[in-house]
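# Report on the structure
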Amino acid sequence: MANGVEEMDRESVVNGSTMFSDEEVREISGFKRGGDDYVEVTCGCTSHRYGDAVGTLRVFTSGDLEISCECTPGCEEDKLTPAAFEKHSGRETSRKWKNNVWVIVDGEKVPLSKTALLKYYNRALSNGSTRSQAGRVCHRDEFLRCTQCNKHRRFRLRTTEECRTYHDAFINTNWKCSDMPYDKITCDDDEERASRRVYRGCVRSPTCRGCTSCVCFGCGNCRFSDCGCQTCIDFTRNVKA
């Protein structure tokens, strides 16, 4: 029993500065002990057709893995799962992200599976506390039309705050560009190209038209108990029931 308590105590104090020993991350390029509950490292995925796509991998103490893509200066793909990053990079043999996503170790590309960077991910899987990174349910990006300029504007739904921003805008029948809380968008800004709007952040296919992996019919991130719309009221009642 004492050993179990000691193990829990050790896990409870793990943070970004203590997640990995110096030996485990020695010679890994771009490794940073930055956040309270995560570390960052430069990563990439290679397509025989398009070459290397580079990004920044965040490894969280919870076991979650997120990649911010930097394949081109204008790429806006953020908080991708490794599987989604693998697909986004154009990798021909996808669905093997543990072997296809790499980091640079001593100047060489080394698959994630051959590093210590997956130990928290593997631990979370063994404890049943996280879903598959390839099939994790998420929310696709959504679009709304401005009632003044009639242009489509993108809403990213990666966090609860982003979901709430979209939800409040969706139920606002007079929503306009200037109501966007964070992005400084005006009706004078160009509309996103139609060819770009087809990419909506699905974890399985960048151009997905809607599948069980990216279409959510209600969850704690996109339904709100303090909202008075009928959709949120019905969801809250069903959860309590």
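These notes cover the structure that comes with them.

Rules and cut-offs
Residues numbered from 1 in each chain as written. Predicted model: local features only at pLDDT ≥ 70, side-chain atom pairs only at ≥ 80, totals over all residues. Heavy atoms only, no water. Helix = DSSP H or I, 4+ residues; strand = E, 2+ residues; numbered from the N terminus. Buried < 20%, exposed > 50% of the residue type's maximum accessible area, 1.4 Å probe, protein only. Contact = heavy atoms within 4.5 Å. Areas by Shrake-Rupley, 256 points an atom, 1.4 Å probe, with all protein chains shown as cover. Salt bridge = Lys/Arg side-chain N within 4 Å of Asp/Glu carboxyl O. Pairing = 2+ DSSP bridges. Axes fitted to C-alpha atoms, helices over the stretch in contact; angles between N-to-C directions. Polar contact = N/O pair within 3.5 Å; in protein donor to acceptor, adjacent residues only side chain to side chain. Phe/Tyr/Trp six-rings, centres within 6.5 Å; stacked < 30°, edge-to-face > 60°. Lys NZ or Arg CZ within 6 Å of the ring centre and 35° of its normal.

## Some details on the overall build of the protein
In terms of regular secondary structure, the protein is built from 7 helices and 7 strands. If you list the helices and strands of the protein from N to C, you get α-β-β-β-α-α-β-β-α-β-β-α-α-α. In the protein, buried positions account for 37% of the 241 residues. For the protein, the share of sequence-separated contacts (at least 6 apart) that also reach a separation of at least 24 residues comes to 49%. In the form shown here, the protein has an accessible surface area of approximately 14,200 Å², with 47% of it arising from carbon and sulfur atoms.

## A few points about the pattern of salt bridges
The tally for this structure, following the rule as stated, stands at 14 salt bridges. Put simply, Arg58 and Glu40 hold a salt bridge, and the shortest N to O gap is 2.8 Å. Remark: Glu40 occurs in strand E1 (residues 38-47) and Arg58 occurs in strand E2 (residues 51-60); sequence separation between them is 18 residues. On the accessibility criterion, Arg58 (30% relative accessible area) is partly exposed. For the salt bridge of Asp179 with Lys176, the shortest nitrogen-to-oxygen distance reads 3.6 Å. Since its relative accessible area comes to 31%, Asp179 is described here as partly exposed.

## Concerning the environment of Phe143
Relative to the assigned elements, Phe143 resides in strand E6 (residues 142-145). When its relative accessible area of 17% is taken as the criterion, Phe143 is described as buried. Through-space distance from the C-alpha of Phe143 to that of Tyr166 is 8.8 Å; in sequence the pair is 23 residues apart. Every residue in contact with Phe143, bar those within four places of it in the chain, is listed here: His152, Arg153, Arg154, Glu192, Arg197 and Arg200.

## Notes on the sheet that holds strand E5 (residues 108-111)
Across the sheet, which stays open at both edges, the 5 strands sit in the order E3-E2-E1-E4-E5 with antiparallel pairing between neighbours. In the strand order of this sheet, the two ends are held by strand E3 (65-69) and E5, each with one partner. Direction aside, neighbouring strands of the sheet carry axes that sit 45° apart on average. As paired elements, E1 and E2 share 10 bridges and run antiparallel to each other. When the bridges of E2 are listed, Tyr38 appears paired with Phe60.

## Details of the side chain of Thr236
Checked against the element boundaries, Thr236 lands in helix H7 (residues 230-240). Residue classification places Thr236 among the buried positions, given a relative accessible area of 18%. Side-chain polar atoms of Thr236 contact the backbone oxygen of Cys232, separated by 2.8 Å. Beyond its immediate sequence surroundings of up to four residues, Thr236 is in contact with Phe224 and Ser225.

## Quick look at the pairing of strand E7 (residues 152-155)
Sheet faces and side chains relate simply in a regular strand, where the side chains alternate between the two faces. A two-sided burial pattern is seen for E7, the buried positions comprising His152 and Arg154 on one face and Arg153 and Phe155 on the other. Note: E6 against E7, 4 bridges, orientation antiparallel. Bridge pairing links Glu142 to Phe155 in E7. Between E6 and E7, which follow one another and run antiparallel, lie 6 residues, and Asn150 among them has a positive phi close to 70°.

## Looking at the packing of aromatic side chains
Inspection of every chain in the model, using the stated rule, returns 7 aromatic pairs. Centroid distance Tyr166 to Phe170: 5.8 Å. Interplanar angle 35°. Geometry classified as tilted. Note that Tyr166 and Phe170 are positioned in helix H5 (residues 160-170) at a spacing of 4 residues, about one turn of the helix. Exposure remark for Phe170: the relative accessible area of 53% places this residue in the exposed category. Taken together, the aromatic side chains of Phe155, Tyr166, Phe170 and Trp175 make up a single cluster linked through ring pairs. Over the ring of Phe224 we find Arg164; its NZ or CZ atom is 4.6 Å from the centre of that ring.

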